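Survey of secondary and tertiary structure
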Amino acid sequence: MRRMKQIGLGILVGTGLWMAGQTAVMAQDTTEYRDAIRDYQTRMDKLKANATTRYNSEMESISEWIEQSLILIGKNELSKVNSLVVKTGVYIDYVEANLAKDAAMGEAMTAETELKALKAEYGKLEAEVQQLEAESQLLSKQLESMKK
């Protein structure tokens, strides 16, 4: 009988330690999820300042997922939070990359326009140089003929 009590006590202590470990893991996961969501909210604030209407649907989805994640954390449904946090991170990366691409494309188009303008100016200047060289040759010939 005593042996049974020791085994029962061992199982009880083991279960208690296991549950305490699980609680600690869940608390750590909750903290990590909250930190990730806080980071995403900060990134979203920056994106909202730079975003065009082109990415409104993505931005709305991201905002909804952040809200849902916070609600699920409050309900302690961490298995559902993980997928939302991952999806939110991917979409924020997508919007940031596309905004950077759009900015780079804008800069490239501006540079291309400036290059075309410079090429046109170069063409005009080259034509003026050729005209001035022709006039210089004509004047040189006239000067030589006057010397003779």
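**What about helix H3 (residues 78–147)?**
Spanning 70 residues, H3 covers 101 Å between terminal C-alpha atoms, matching the ideal 104 Å at 1.5 Å per step. By the burial criterion, the buried members of H3 are Leu78, Val81, Leu84, Val85, Thr88, Gly89, Ile92, Val95, Asn98 and Leu99.

**Some remarks on the confidence of the model for the protein**
For the protein, the mean per-residue pLDDT works out to 83, and 80% of the residues sit at or above 70. Looking at the elements of the protein, mean pLDDT is at its lowest for helix H1 (residues 2–50), recorded as 69, and at its highest for helix H2 (residues 56–74), recorded as 92. The model gives residues 20–27 a pLDDT under 50, and that stretch makes two contacts with residues more than four places away or in other chains.

**A word on the pattern of salt bridges**
Throughout the structure, instances matching the rule amount to eight salt bridges. Arginine 43 is the partner of glutamate 96 in a salt bridge, and the nearest nitrogen-oxygen pair spans 2.6 Å. Note that glutamate 96 is positioned in helix H3 and arginine 43 in helix H1, a separation of 53 residues in sequence. Ionic pairing is found between arginine 54 and aspartate 102, a salt bridge with its closest N-O pair at 3.1 Å. Here arginine 54, found in the loop between H1 and H2, pairs with aspartate 102, found in helix H3; they are 48 residues apart in sequence, far enough to count as distant. Look at arginine 54 and you get exposed, because its relative accessible area is 52%. Among the residues examined, aspartate 102 registers a relative accessible area of 23% and is labelled partly exposed. In the salt-bridge network here, residues are joined through shared partners; they are Asp39, Arg43, Asp93 and Glu96.

**Some words on the packing of H2 against H3**
Between H2 and H3, the least distance of the axes is 9 Å, while the angle of their chain directions is 155 degrees. Between H2 and H3, the angle is such that the two are roughly antiparallel. The crossing of H2 and H3 is left-handed. Where H2 approaches H3, its residues Glu58, Met59, Ile62, Trp65, Ile66, Gln68, Ser69, Leu72 and Ile73 are matched on the opposing element by Leu78, Lys80, Val81, Leu84, Val85, Lys87, Thr88, Tyr91, Ile92, Tyr94 and Val95. Considering only residue class, the contact of H2 with H3 consists of 14 nonpolar, three polar and three charged.

Rules used throughout
Residues numbered from 1 in each chain as written. Predicted model: local features only at pLDDT ≥ 70, side-chain atom pairs only at ≥ 80, totals over all residues. Heavy atoms only, no water. Helix = DSSP H or I, 4+ residues; strand = E, 2+ residues; numbered from the N terminus. Expected span 1.5 Å × (residues − 1). Buried < 20%, exposed > 50% of the residue type's maximum accessible area, 1.4 Å probe, protein only. pLDDT = per-residue confidence, 0-100. Contact = heavy atoms within 4.5 Å. Salt bridge = Lys/Arg side-chain N within 4 Å of Asp/Glu carboxyl O. Axes fitted to C-alpha atoms, helices over the stretch in contact; angles between N-to-C directions. Parallel < 35°, antiparallel > 145°, perpendicular 65-115°, else oblique. Left-handed = near helix turned anticlockwise from the far one by under 90°. Nonpolar A, V, L, I, M, F, W, Y, C, P; charged D, E, K, R; others polar.

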